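# Coordinate inspection notes
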Amino acid sequence: GAVAGATSSEARREMMAELGMDVDGLDIEATGLEGLVRAAYDTLGLRTYFTTGEKETRAWTIRVGMKASESAGVIHSDFERGFIRAETVSYEDFTRCGSYNAAREKGLVRSEGKDYVVEEGDVMLFRFNV
């Protein structure tokens, strides 16, 4: 367990080591759970993308290097099988604009094909036909 009096950074480093994660060279100076999760995702080669609609916004976990069509398949196999394109906006642009539609109105939503490699934080709307 964590040594009494250890800094939170030291405690996170020790906890990650106990979980069998290689902590050498990791930047785990971010505070709290967010830093631990980010370091774990990086170590495991994972990324997050989002889908959003009128009722909900969801985060989806994918492997680094996954293409748009493969990432769509994380939601449902029909999305991958019938993939047409992914209408995509970066997380930064999405949050700055306040909504997907506002980002579209500003010309920040781009159409990506099946071979597009999904980036951390992409906000995506999949077009498909099955």
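Residues numbered from 1 in each chain as written. Predicted model: local features only at pLDDT ≥ 70, side-chain atom pairs only at ≥ 80, totals over all residues. Heavy atoms only, no water.

Under the counting rule described, the total for this entry stands at nine salt bridges. Note that Lys67 is salt-bridged to Asp115, the shortest N-O span being 3.7 Å. Taken together, the residues span a long stretch of sequence, with Lys67 in the loop between β2 (57-63) and α3 (68-75) and Asp115 in the loop between β4 (110-112) and β5 (123-128) at a distance of 48 residues. Note on Asp115: relative accessible area 51%, which makes it exposed. Across the salt bridge formed by Asp93 and Arg96, the nearest N and O atoms sit 2.2 Å from each other. Residue Asp93 and its partner Arg96 are located together in helix α5 (residues 91-97), separated by three residues, close to a single helical turn. When its relative accessible area of 59% is taken as the criterion, Arg96 is described as exposed. (Salt bridge = Lys/Arg side-chain N within 4 Å of Asp/Glu carboxyl O. Helix = DSSP H or I, 4+ residues; strand = E, 2+ residues; numbered from the N terminus. Buried < 20%, exposed > 50% of the residue type's maximum accessible area, 1.4 Å probe, protein only.)

Formed by Tyr49, Trp60, Ile62, Met66, Ala68, Ala72, Phe83, Ala86, Tyr116, Val118, Met124 and Phe126, the largest nonpolar core amounts to 12 residues. Of all the elements in the fold, those that place two or more residues in this core are β2, α3, β3 (83-89) and β5. Once residues lying within four places of it in the same chain are set aside, the contact partners of Met124 are Tyr49, Phe50, Thr51, Ala68, Ala86, Glu87, Thr88, Tyr116 and Val118. In this structure, Val89, Tyr100, Ala102 and Val109 belong to the second largest nonpolar core, which totals eight residues. (Core = buried A, V, L, I, M, F, W, Y, C linked by side-chain atoms within 4.5 Å. Contact = heavy atoms within 4.5 Å.)

Bridge analysis of strand β1 (residues 46-52) against β2 gives seven bridges, and the strand direction is antiparallel. If you follow Phe50 over to β2, its bridge partner there is Ala59. Between the end of β1 and the start of β2, which pair antiparallel, lie four residues. (Pairing = 2+ DSSP bridges.)

Counted according to the given criterion, the structure contains four aromatic pairs. Positioned above the aromatic ring of Trp60 is the side chain of Arg58, whose terminal nitrogen or guanidinium carbon lies 4.1 Å from the ring centre. (Phe/Tyr/Trp six-rings, centres within 6.5 Å; stacked < 30°, edge-to-face > 60°. Lys NZ or Arg CZ within 6 Å of the ring centre and 35° of its normal.)

The next point concerns the pairing of β3. Most of β3 sits inside the fold, with five of its seven residues counted as buried. Inspection of the sheet shows β3 paired to β5 by six bridges, in the antiparallel sense. Residue pairing across strands places Ala86 opposite Phe126, the latter belonging to β5. The pairing of β3 with β4 spans three bridges and is antiparallel. The residue bridging Ala86 from the neighbouring strand is Glu112, located in β4.

For the rest of this paragraph, the subject is helix α2 (residues 32-44). Over its 13 residues, α2 runs 19 Å from end to end, which matches the ideal 18 Å to within 8%, given 1.5 Å per residue. Where α2 is concerned, the buried positions are Gly35, Leu36, Ala39 and Ala40. Taken end-on, α2 shows its buried residues confined to a sector of 130°, consistent with a single buried face. Those residues of α2 that are exposed and aimed more than 90 degrees away from the buried face are Leu33 and Leu44. Two residues or fewer past α2, Gly45 is found with a positive phi of approximately 70°. (Expected span 1.5 Å × (residues − 1). Arc of directions from axis to C-beta.)

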